[in-house]
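Report on the structure
Here's the letter readout for the chains.
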Amino acid sequence: MDERPDNQPPEFAPRDLWADDIALRDAVLREGAGPFANHLAAYARLAGDTLYALSFDAHRDRPRLRTHDRFGARIDRVEFHPNYHAILRAAIENGVAGLSWRDPSPGTHVARAALSYLHHQVEPGTSCPLTMTHAAVPALAHAPALREWREKAAALHYDPRELPIADKRGVTLGMGMTEKQGGSDVRANTTRAAKLAGEDEYALTGHKWFFSAPMSDGFLVLGQAPGGLTCFLLPRRLPDGARNAFTLMRLKDKLGDWSNASSEVEFQGAWAQRVGEEGRGVATILEMVMLTRLDCMLGSAAGMRMALAQAMHHTRYRRAFGKVLVEQPLMRNVLADLAIESEAALALSMRVARAVDAAPRVPSEAAFARIATAIGKYWICKRAPAFVNEAQECLGGAGYVEESLLPRLYRQAPLNSIWEGSGNIQCLDVLRALQREPESAEAFFAELPNGLHTTLDIEVAWLRNAVRAPDEGRARYLVERMALALQAALLLTAGHPLAEAFCLTRLAGEHGLAFGTLPAGVAIDIALERALPAW
Ligand SMILES: Cc1cc2nc3c(=O)[nH]c(=O)nc-3n(C[C@H](O)[C@H](O)[C@H](O)COP(=O)(O)OP(=O)(O)OC[C@H]3O[C@@H](n4cnc5c(N)ncnc54)[C@H](O)[C@@H]3O)c2cc1C
């Protein structure tokens, strides 16, 4: 017998996040990761069931910093809820961090992106060390002596013990760029790197103002070497097992992202190995940052997807004024509008994942990844907070209560647009690509062929003119329109059933400033059917 109180929905989970998600299944096939479908389906089931259940306590019980042990010795250890480790272990063993480096076949970056999308939906806190571990691998290739770090970062093995790398089968990695006096402008870094006697060895003295996942085995950090700003690998434990000379000052009391710790750290002559040439620090670490930015897009798209799924689930069961909410015309408009936005966010993220995948083989894909990462990071991450708030409102008061998951999604939503280069920095990066790398602009416009849709043709004509002499003060407007044009073209090229609705509302202006302002006649029924299968 159903003992639910009257007019309350059943539990959301367990759910099969693969069977639920037509848009994801389509994108995986379209972008070339079809051979990984079985693996993705299995991970989606795990994520929608066990990991979803574990995530609540991992968030409720926030990490604690233990600076000293009972005898007064410095330990600088962060303790996480056991569920944090369980979730991280499951993710690493399933390739959320390492799949794309372990299997050289085409499509692995797309498959890993899909894993990351699934993982972000249920536990974005652990996604931070996962994405940093994944993204550090190409930057580490600049130091052939660090091969063991590369291999162990890609390993499908999680080992949270504090041991030197030689004693571990798998490692996790973090990054330290941001200092008190400058985050976006990393050239302002003051951490000093003094050369030691050993080859490529340095002693770092200084601080980092944000240092997330501080229990990682190693960190890619920037410091000022004699030859200029340089990238280093800073291990937590020295090869002889001793603690490296850095101290965690405190943990950040953050808006969201509660399962994961972000710290402030000071280096007191900490031992580090150089990665790349002296003076090439920004270029070296940017190879990592390009990949973490892709995961910001995926993370925001995932947050939107989970918020939409929760809203669909709730409104299918909740009745008001004699009808279930999902049948009320105005609620249908809100939900369908969110569904269109969510599908477009995923389509762009996965297209960029394919460009990253193909970049080593196809120069035009590398050029596209370069510019589309900044465009997508700006726009998708910017859309997430308003989107999640709207989905939250679909649940009414329940959406403001922790058990519903929506408050957690809402607190998480602004993060991706702030870290890894905030919104303005992404827009400036797009301008830089347009002005200095003509192949990026070419690759961008190649995605927007003539004749797909009248509204898109008009938009492309406007964009071609606008990119000639872009005005820095209006860069957000330009990048927003570039993002919308890309999303429209992707949906149109895919023959997507919501492409027409996207063009009408996002390009032709038949839409208000809020979600839920679709004009009459757009494909509301199709959007809702695709959004979440009814059980
Ligand atoms: C939870 C969390 C975890 C983090 N973890 C890490 C980590 O592990 N490692 C790490 O290195 N960093 C980390 N960061 C730091 C993050 O990457 C920075 O906060 C971010 O890059 C912005 O730097 P800032 O805080 O110094 O802001 P600022 O650089 O002071 O920027 C402030 C604002 O000014 C804007 N701005 C800057 N320059 C311009 C310009 N020329 N024109 C117009 N606008 C401009 C920016 O877009 C931003 O909106 C983390 C941040 C958060 C919130």
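The structure under discussion appears in the preceding block.
Let us now look at the packing of helix H9 (residues 329-358) against helix H17 (residues 499-507). Where H9 contacts H17, the axes come no closer than 11 Å and their chain directions differ by 100°. Comparing their axes, H17 and H9 come out roughly perpendicular. In this structure, H9 contributes Asp337, Ile340, Glu341 and Ala344 to the contact, and H17 contributes Ala501, Phe502 and Arg506.

So, about the packing of aromatic side chains. Under the definition given, this model contains 14 aromatic pairs. Summarising the aromatic geometry, the rings of Phe80 and Tyr84 are spaced 4.0 Å apart at their centres and angled 5° between planes, so their arrangement reads as stacked. Under the relative-accessibility criterion, Phe80 is labelled buried at 11%. Judged by relative accessible area, which is 3%, Tyr84 ranks as buried.

Glancing now at the pattern of salt bridges. As enumerated under the stated definition, the model contains 40 salt bridges in all. Taking the shortest distance from any N to any O, the salt bridge between Arg15 and Asp20 comes out at 2.6 Å. No difference in accessibility class separates Arg15 from Asp20, as the two residues are buried. We note a salt bridge from Lys208 to Glu179, for which the minimum N-O separation is 2.8 Å. Residue Lys208 is located in strand S5 (residues 201-212), and its partner Glu179 is located in the loop between strand S3 (173-176) and strand S4 (192-195); the two are separated by 29 residues in the primary sequence. We classify Glu179 as buried; its relative accessible area is 1%.

One finds Leu220, Leu234 and Met350 to be the most contacted residues of the largest nonpolar core, which totals 178 residues. The biggest single contributor to this core is H9, with 17 residues. Apart from residues no more than four positions distant in its own chain, Leu234 is found in contact with Leu204, Phe211, Asp217, Gly218, Phe219, Val221, Asn244, Phe246, Phe267, Ala270, Trp271 and Ala272.

For Ser116, the location among the structural elements is in helix H5 (residues 108-122). Residue class for Ser116 comes out buried when judged on its relative accessible area of 3%. The spacing of Ser116 and Glu277 is 161 residues in sequence and 31 Å in space, taken between C-alpha atoms. Ignoring sequence-local partners within four residues, the contact set of Ser116 consists of Val96, Asp295 and Leu298.

Structurally, Ser262 is set in strand S9 (residues 262-275). Ser262 sits 70 residues away from Arg332 along the chain, and the two C-alpha atoms are 39 Å apart. Once residues lying within four places of it in the same chain are set aside, the contact partners of Ser262 are Phe211, Ser212, Arg250, Leu251, Lys252, Lys254 and Asp257. Within the local environment of Ser262, its side chain forms a polar contact with the side chain of Ser212, the two groups lying 2.8 Å apart.

The subject of this paragraph is the site of the ligand. Around the ligand, 21 residues are found, and the nearest of them are Met177, Thr178, Gly183, Ser184 and Ser212. The separation between a nitrogen atom of the ligand and a polar main-chain atom of Phe210 is 3.3 Å. Measuring from a nitrogen atom of the ligand, one finds a side-chain N or O atom of Asn424 at 3.0 Å. The protein chains hide 67% of the 970 Å² of surface that the ligand would expose on its own. Where the shell around the ligand is concerned, the elements lending two or more residues are S3, S5, helix H12 (415-418) and helix H13 (423-436). For the shell around the ligand, the per-class residue count stands at nine nonpolar, ten polar and two charged.

With respect to the element layout, Gln412 can be found in helix H11 (residues 406-412). A polar side-chain atom of Gln412 sits 2.9 Å from a polar atom in the side chain of Asp257. Apart from the residues lying within four places of it in its own chain, the contact partners of Gln412 are Pro124, Gly256 and Asp257.

With 30 residues, H9 ought to run about 44 Å at 1.5 Å a step, and its terminal C-alpha atoms sit 43 Å apart, in line with that. Where burial is concerned, most of H9 is hidden: 26 out of the 30 residues are buried.

Here H13 is 14 residues long and its end C-alpha atoms lie 20 Å apart, about the 20 Å a rise of 1.5 Å per residue gives. Residues of H13 that are buried: Gly423, Gln426, Cys427, Asp429, Val430, Leu431, Ala433 and Leu434. The secondary structure elements touched by the buried residues of H13 are helix H8 (281-317), helix H10 (363-394), H12, helix H14 (438-446) and helix H16 (475-493).

Attention now goes to unusual backbone geometry. Each neighbour pair has its own omega, and for Ala13 with Pro14 the value is 0°, a cis peptide bond. The residue Pro14 is located in the segment before helix H1 (22-30) in this model. Even without being a glycine, Leu405 presents a positive backbone phi close to 80°. Within the secondary structure, Leu405 is located in the loop between H10 and H11.

Basis of the calculations
- Residues numbered from 1 in each chain as written.
- Predicted model: local features only at pLDDT ≥ 70, side-chain atom pairs only at ≥ 80, totals over all residues.
- Heavy atoms only, no water.
- Axes fitted to C-alpha atoms, helices over the stretch in contact; angles between N-to-C directions.
- Helix = DSSP H or I, 4+ residues; strand = E, 2+ residues; numbered from the N terminus.
- Parallel < 35°, antiparallel > 145°, perpendicular 65-115°, else oblique.
- Contact = heavy atoms within 4.5 Å.
- Phe/Tyr/Trp six-rings, centres within 6.5 Å; stacked < 30°, edge-to-face > 60°.
- Buried < 20%, exposed > 50% of the residue type's maximum accessible area, 1.4 Å probe, protein only.
- Salt bridge = Lys/Arg side-chain N within 4 Å of Asp/Glu carboxyl O.
- Core = buried A, V, L, I, M, F, W, Y, C linked by side-chain atoms within 4.5 Å.
- Polar contact = N/O pair within 3.5 Å; in protein donor to acceptor, adjacent residues only side chain to side chain.
- Near = heavy atom within 4 Å.
- Areas by Shrake-Rupley, 256 points an atom, 1.4 Å probe, with all protein chains shown as cover.
- Nonpolar A, V, L, I, M, F, W, Y, C, P; charged D, E, K, R; others polar.
- Expected span 1.5 Å × (residues − 1).

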